[in-house]
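# An overview of the molecular structure
Here is what each chain is made of, one letter per residue.
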Amino acid sequence: MSDSPDTHSVSDALRASLSFLPQHACDRILSRLQHAIHHEPVIGIMGKTGAGKSSLCNALFQQSVCLTSDLMACTREPQRLVLTVGERSMTLIDLPGVGETPEKDEIYLSLYQQLLAELDLIIWVIRADDRARATDIATHRALLNAGADPSRFLFVLSQADRVSPVPAGEEWQELPSEKQCLSLATISSLVAGQLPSSFPVMAVSAHTGYNLSALVELMVHALPAQASSAVYRQLKSDHKSTESDSAVRQRFGELAGSAFDSVIDPNSLPSGWRALLCRLREKLVQLATGLWDKLFS
Ligand SMILES: Nc1nc2c(ncn2[C@@H]2O[C@H](COP(=O)(O)OP(=O)(O)OP(=O)(O)O)[C@@H](O)[C@H]2O)c(=O)[nH]1
Ligand SMILES: [Mg+2]
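Notes on the structure follow. (Residues numbered from 1 in each chain as written. Chains lettered and ligands numbered in written order. Predicted model: local features only at pLDDT ≥ 70, side-chain atom pairs only at ≥ 80, totals over all residues.)

On to the overall build of the protein chain, then. Per the secondary structure count, the protein chain includes ten helices and six strands. Taking 2.2 N^0.38 as the reference for a compact globule, 297 residues should give roughly 19 Å; the C-alpha atoms of the protein chain span a radius of gyration of 21 Å, in line with that estimate. The principal-axis extents of the C-alpha atoms in the protein chain amount to approximately 65 × 40 × 35 Å. Per-residue burial over the protein chain gives 38% buried out of 297 residues. (Helix = DSSP H or I, 4+ residues; strand = E, 2+ residues; numbered from the N terminus. Rg over C-alpha atoms; globule rule 2.2 N^0.38 Å. Buried ≥ 20, exposed ≤ 12 C-beta atoms within 10 Å, placed from the backbone.)

Pasting the structure below:
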């Protein structure tokens, strides 16, 4: 990827902040950071057929790209969608849903397994009003047994607007009723027990937009640090909040801190140097946080 003038000016600003370090150390820190800036994340969307995977992708991302269907299993082949806004790209893999037939499940499971290594995050979609979770549990277990990293899974309860008791009258209310919220909390804790993950189970509705901002904020934390910013760039601005804006910038700052730590070990130096290097690291983190807009906005 060719770098834009903004990327060059960010590089120059970061280099200037590290000018105190020997050239080779500065080069290594910047090269690690550059590598992370250019990382093109890959997100896989998994779950049962009809769970609402494609609808969720369409609701979250700026580019509306996934086909949806009321009746038929719609996504039969993995759809690898390259999303590009400005000079940043990511890939979204909308996977065919399991649970249609045992024969197809076997094929899809092996497909999921083949893809595992390249996925930064797996968003696993489960219909909030579907009590039959045996296929989800079995597929998730099979993937863990195949070596999947448990911290890469984010479980989402979709179609929250359909959870009972559905209020009479208008079909789609923007927010679930108090009773629906109670149902969603109960189902979330049940699913968290059945499908263990490092992150809370999030109930959302692609149709009403319910909780999509909370999901975006959770994604910022759940994605590996080098993937957060590039994914955030592709999400619809409607679902971004002050909290997620600040979290994604902070994660980018932390990335600069990690690049610094991978090259410099202040503990191996005398205490005077140590304090100086800690301040330098802090300055780099602050600077990177502040430069986020130039790279990803
Ligand atoms: N009420 C309601 N319906 C939804 C919501 N999300 C999806 N649906 C409906 O659920 C059905 C299935 O949605 P899809 O997005 O095609 O589901 P999928 O998981 O991609 O299905 P496959 O591609 O077959 O695996 C469609 O009729 C959608 O309109 C939601 O948030 N609320
Ligand atoms: Mg689909």
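Considering soluble globular proteins, one finds that nonpolar side chains tend to be buried as a cluster. In this structure, W124, L154, V156 and L157 are the most contacted members of the largest nonpolar core, which totals 73 residues. Both of domain 1 (5–37 + 244–296) and domain 2 (42–222) provide at least three residues apiece to this core. The contacts of W124, once residues within four sequence positions are left out, are M46, G47, F153, L154, F155 and V156. (Core = buried A, V, L, I, M, F, W, Y, C linked by C-beta atoms within 7 Å. Domains from an automatic or database assignment. Contact = placed C-beta atoms within 7 Å.)

Glancing now at the packing of helix α2 (residues 23–37) against helix α9 (residues 242–263). Viewed as axis vectors pointing N to C, α2 and α9 meet at an angle of 140 degrees, and their least axial separation amounts to 9 Å. Comparing their axes, α9 and α2 come out oblique. Here the hand of the crossing between α2 and α9 comes out right-handed. Along its contact with α2, which presents A25, R28, I29, R32, L33 and A36, the element α9 presents L255, A256, A259, F260, S262 and V263. (Axes fitted to C-alpha atoms, helices over the stretch in contact; angles between N-to-C directions. Parallel < 35°, antiparallel > 145°, perpendicular 65-115°, else oblique. Left-handed = near helix turned anticlockwise from the far one by under 90°.)

Here L60 is to be found in helix α3 (residues 53–60). Under the C-beta neighbour-count criterion, L60 is labelled buried, with 23 such atoms within 10 Å. It is 29 Å that separates the C-alpha atoms of L60 and S258, two residues lying 198 residues apart in sequence. If near-sequence neighbours (up to four positions away) are discounted, L60 is found in contact with L212, L235, K236 and H239.

Let us now look at the sheet that holds strand β3 (residues 88–94). The strand order across the open sheet formed by six strands is β2-β3-β1-β4-β5-β6, and the pairing between neighbours is mixed. If you trace the sheet from one side to the other, it starts and ends with β2 (79–85) and β6 (202–203), each paired once. As paired strands, strand β5 (residues 153–158) and β6 are joined by two bridges and run parallel to one another. Following the sheet pairing, L157 is matched in β6 by A203. In the packing of helix α8 (residues 225–234) onto the sheet, contacts are made with β1 (42–47), β2 and β3, and the angle to β3 comes to roughly 80 degrees. (Pairing = 2+ DSSP bridges.)

The peptide bond linking S164 to P165 adopts the cis configuration, its omega dihedral lying at 0 degrees. Structurally, P165 is set in the loop between β5 and α6 (178–194). Positive phi outside glycine occurs at Q159, with the angle close to 55 degrees. Looking at the secondary structure, you find Q159 in the loop between β5 and α6. Using a count of 24 C-beta atoms within 10 Å as the deciding quantity, one classes Q159 as buried. The phi dihedral of N211 is positive, around 65 degrees, even though this residue is not glycine.

Residues lying three or four places apart along an α-helix face the same way, a consequence of the helix completing one turn every 3.6 residues. For helix α7 (residues 212–222), every residue scored as buried is listed here: L212, L215, V216, E217, M219, V220 and A222. The secondary structure elements touched by the buried residues of α7 are α3, β4 (121–127), β5, β6, α8 and α9.

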